[in-house]
Amino acid sequence: MTAAEHGFKVLAPWYTCERGHFDRFDPCAHAPTLQKYASAEFVRTLVADPRDSLLFDPDEDVWSYPVPVGPAHRGPGRARFATHQLVRTRLRKLYQPSHERFYAVVVELFCDRPGLPRPQSAEGLDVGFVMRRRTVEMDAEPRVLRTLSRRLSAELLAAGRQPGPDTGPHLSEARDVLWADLAHRTAFEEANRELLDRVGLRKETQAWMAGAAGGQWRRLGEPPPEGRPGDREQELPMWRLPGRSGDCPDGARPPQRSLWFGVVPTSSADHDDLGAPKLDDRSVYELRVFVRRPAGPGHEQCPPRTSWSKPTEPFRLASFFDPEGTRNRKVSITMPDFRAVAARAAAPPGPGGVAITSPPGSQMSFDPGGGTPASGSVTGTVPRTCTFALEIFMIVAYFVFSMFLPIVVFLFQLWWLLALRFCLPPSLEAAAALKAFFAGGKSLADMGRPETDAFDELLGTRGAGARLRDADGAFAQEDLDDLVDLVTPPATAPLPVPPRPEPPVEDPLCEGG
């Protein structure tokens, strides 16, 4: 067999093998490696040294789902008001770029010959990867699915040493929960074989087929529907990592490797024919890498030879509003300075601002009526343009938000929302006064002006204390100390905890391995 005729083995890179204490002949090396980063400049980091990536956290980087928690299972302090808790599965979760998380897939190529020698040249190779979707259809009685999902939730909570609720996820989420974890495990299947035998499972791997008519997920190998133009599976590019000097302790360059990387998409603006998004937070995905080599001289009429990797570990994608993702990114806004804006009003209007044009028949006219509009009309025979200083939008928007936030909290009794905001500097005196007040056996209904003012100070909202006093029946006496903890901000702004890096490893080729 000539060099041009052999295929390739597409395996995990050498440093994955070194960290896992196995070699390229081990089945553990068959899957490409997913690497995590916390900067949009991650490609520079990857090219500089592919070993430098972040460790996948066993708690944060796995898919989780919420289950209700009764008062008896809730912890003290802020946890007293958390009506749900997260059950963590063993399925990998990838976050979106808006969460300051980025991912690459990395492989190392070897010749598919005895001993798996390293290729001497990458000339003419086309290396890329595809993203595929795993789907499952479950046919079972709702009672069976609910029982299985409840048992699985209890098992996962016990594995995480968390107190177990007496209920599982909603029935509408039971299929997601079972598939997400059963896609990864077999022990649970063996322990619950009797119930699982009553569940009809139809598993399917789908490819994203793209063409002139757009894209759609379709079963692997299935032809396009009649009347649909031809299409093909979407392929994503990969690039070879350059050789580097200085990787060895003596500063020498190790023998050349064939390492390749691609950027993993975790969000997409594409939709299928029915308007469904290409990527969502409910599906399970996997990646497979291919190496395509054209036929050699004299065989140009033959199709190229393609070698495929095994699939990566399965994963799900975080939603845009995933709380464990949004906490990785901070957005800072400074409100307009009323004094500066007032001073600007003394000058003639400038060219800046937000110009809003209302077309004819689209101009709303009404009397605000002191905050309660009584009547209005839609008028206009010519376009009308009004220009507003940008600061006006921010001032009004923040006013509306500040007015409606307490309404949402009190109307729906979403007390846990109070834990998701804080104002600095904190008023430690107000918190201490409330602690002392409730320690004496007093209730919310017993609060006077000093206590309601203290709550106003902690919540940054005038009148919040009076509304809490009116909601006295929503809190047990033993909850009041925890309520003060809930609304008391930290002494300083929480500092971000940097993700841990993967441990360093040395290239065994430096020692002639």
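For the structure given in this document, a descriptive report is provided here. Here the structure is a predicted model, which is why all the values come from computation and not from measurement.

Quick notes on the rules
Residues numbered from 1 in each chain as written. Predicted model: local features only at pLDDT ≥ 70, side-chain atom pairs only at ≥ 80, totals over all residues. Heavy atoms only, no water. Helix = DSSP H or I, 4+ residues; strand = E, 2+ residues; numbered from the N terminus. Buried < 20%, exposed > 50% of the residue type's maximum accessible area, 1.4 Å probe, protein only. Contact = heavy atoms within 4.5 Å. Areas by Shrake-Rupley, 256 points an atom, 1.4 Å probe, with all protein chains shown as cover. Lys, Arg positive; Asp, Glu negative; His and termini not counted. Salt bridge = Lys/Arg side-chain N within 4 Å of Asp/Glu carboxyl O. Polar contact = N/O pair within 3.5 Å; in protein donor to acceptor, adjacent residues only side chain to side chain. Core = buried A, V, L, I, M, F, W, Y, C linked by side-chain atoms within 4.5 Å. Axes fitted to C-alpha atoms, helices over the stretch in contact; angles between N-to-C directions. Parallel < 35°, antiparallel > 145°, perpendicular 65-115°, else oblique. Nonpolar A, V, L, I, M, F, W, Y, C, P; charged D, E, K, R; others polar. Left-handed = near helix turned anticlockwise from the far one by under 90°.

### Looking at the overall build of the protein
Piece 1. The number of helices and strands found in the protein is 13 helices and 19 strands.
Piece 2. When each of the 513 residues of the protein is scored for burial, the buried share is 37%.
Piece 3. Long-range pairs, those at least 24 residues apart, make up 71% of the contacts in the protein with a sequence separation of at least 6.
Piece 4. For the protein, the computed accessible surface area is about 28800 Å², with 56% contributed by carbon and sulfur atoms.

### A few points about the side chain of Arg133
Piece 1. Secondary-structure assignment places Arg133 in strand 6 (residues 126-139).
Piece 2. One buried charged residue, Arg133, forms no salt bridge at all, with the nearest opposite charge on Asp280 at 4.4 Å.
Piece 3. Of note is the side chain of Arg133, whose polar atom sits 2.7 Å from the side chain of Gln206.

### A closer look at the environment of Arg292
Piece 1. Tracing the backbone shows Arg292 in strand 13 (residues 284-293).
Piece 2. Taking the relative accessible area as the measure of exposure, Arg292 reaches 16% and is therefore buried.
Piece 3. For the pair Arg292 and Gly124, spaced 168 residues apart in the sequence, the C-alpha separation amounts to 8.6 Å.
Piece 4. Those residues in contact with Arg292 that sit more than four places away from it in its chain are Gly124, Leu125, Asp126, Arg232, Glu235, Pro304, Arg305 and Thr306.
Piece 5. At a separation of 2.6 Å, a polar atom in the side chain of Arg292 contacts the side chain of Glu235.

### Section: the pattern of salt bridges
Piece 1. One pass over the structure, following the stated rule, counts 26 salt bridges.
Piece 2. With its nearest N and O atoms 3.2 Å apart, the salt bridge here joins Lys93 to Glu324. Residue Lys93 is located in strand 4 (residues 84-94), and its partner Glu324 is located in helix 7 (residues 323-326); the two are separated by 231 residues in the primary sequence. Like Glu324, Lys93 is buried.

### A closer look at the nonpolar core
Piece 1. Counting 29 residues, the largest nonpolar core has Val105, Leu109, Val127, Met238, Leu287, Val289 and Phe315 as the members making the most contacts within it.
Piece 2. The set of elements that each furnish at least two residues to this core consists of strand 1 (8-11), strand 5 (102-111), strand 6, strand 13 and strand 15 (315-317).
Piece 3. Dropping the residues within four chain positions of it, Val105 is found in contact with Pro32, Thr33, Leu34, Phe129, Met238, Trp260, Phe261, Gly262, Val264, Leu287, Val289 and Thr312.
Piece 4. Counting 26 residues, the second largest nonpolar core, distinct from the first, contains Phe410, Trp415, Ala431 and Val487.

### Focus on the packing of helix 10 (residues 428-439) against helix 13 (residues 480-487)
Helix-helix packing: each pair is described by the crossing angle between the helix axes and the interaxial distance.
Piece 1. Packing of helix 10 against helix 13 leaves a shortest axis separation of 9 Å and a crossing angle of 170°. Between helix 10 and helix 13, the angle is such that the two are roughly antiparallel. In this structure, helix 10 contributes Ala431, Leu434, Lys435 and Phe438 to the contact, and helix 13 contributes Leu480, Asp481, Val484 and Asp485.
Piece 2. Looking at the contact of helix 10 with helix 13 residue by residue, the class counts come to five nonpolar, no polar and three charged.

### A closer look at the packing of helix 10 against helix 11 (residues 449-459)
Piece 1. Running from N to C, helix 10 and helix 11 point in directions that differ by 135°, and their axes come no closer than 9 Å. If you check the angle between helix 10 and helix 11, you find them oblique. As helix 10 runs across helix 11, the sense of the crossing is left-handed. Residues Ala430, Ala431, Leu434, Phe437 and Phe438 of helix 10 form the contact with helix 11, whose own contacting residues are Glu451, Ala454, Phe455, Glu457 and Leu458.
Piece 2. Its residues assigned to classes, the contact of helix 10 with helix 11 comprises eight nonpolar, no polar and two charged.

### Observations regarding helix 13
Working note: α-helix, 3.6 residues per turn, so residues spaced by three or four point in the same direction.
Piece 1. Within helix 13, six of the eight residues are buried, which leaves the element mostly enclosed by the surrounding structure.
Piece 2. Considered for burial, the residues of helix 13 that qualify are Leu480, Asp482, Leu483, Val484, Leu486 and Val487.
Piece 3. Looking at the buried residues of helix 13, the elements they touch are helix 10 and helix 11.

### Quick notes on the environment of Val409
Piece 1. Relative to the elements of secondary structure, Val409 occurs in helix 9 (residues 390-412).
Piece 2. If near-sequence neighbours (up to four positions away) are discounted, Val409 is found in contact with Leu414, Trp415, Leu417 and Leu418.

### Quick word on the environment of Pro68
Piece 1. With respect to the helices and strands, Pro68 occurs in strand 3 (residues 62-68).
Piece 2. On the accessibility criterion, Pro68 (28% relative accessible area) is partly exposed.
Piece 3. Taking C-alpha positions, Pro68 is 6.6 Å from Gln85, a pair spaced 17 residues apart along the chain.

Function cannot be inferred from these measures alone, as they are strictly geometric.
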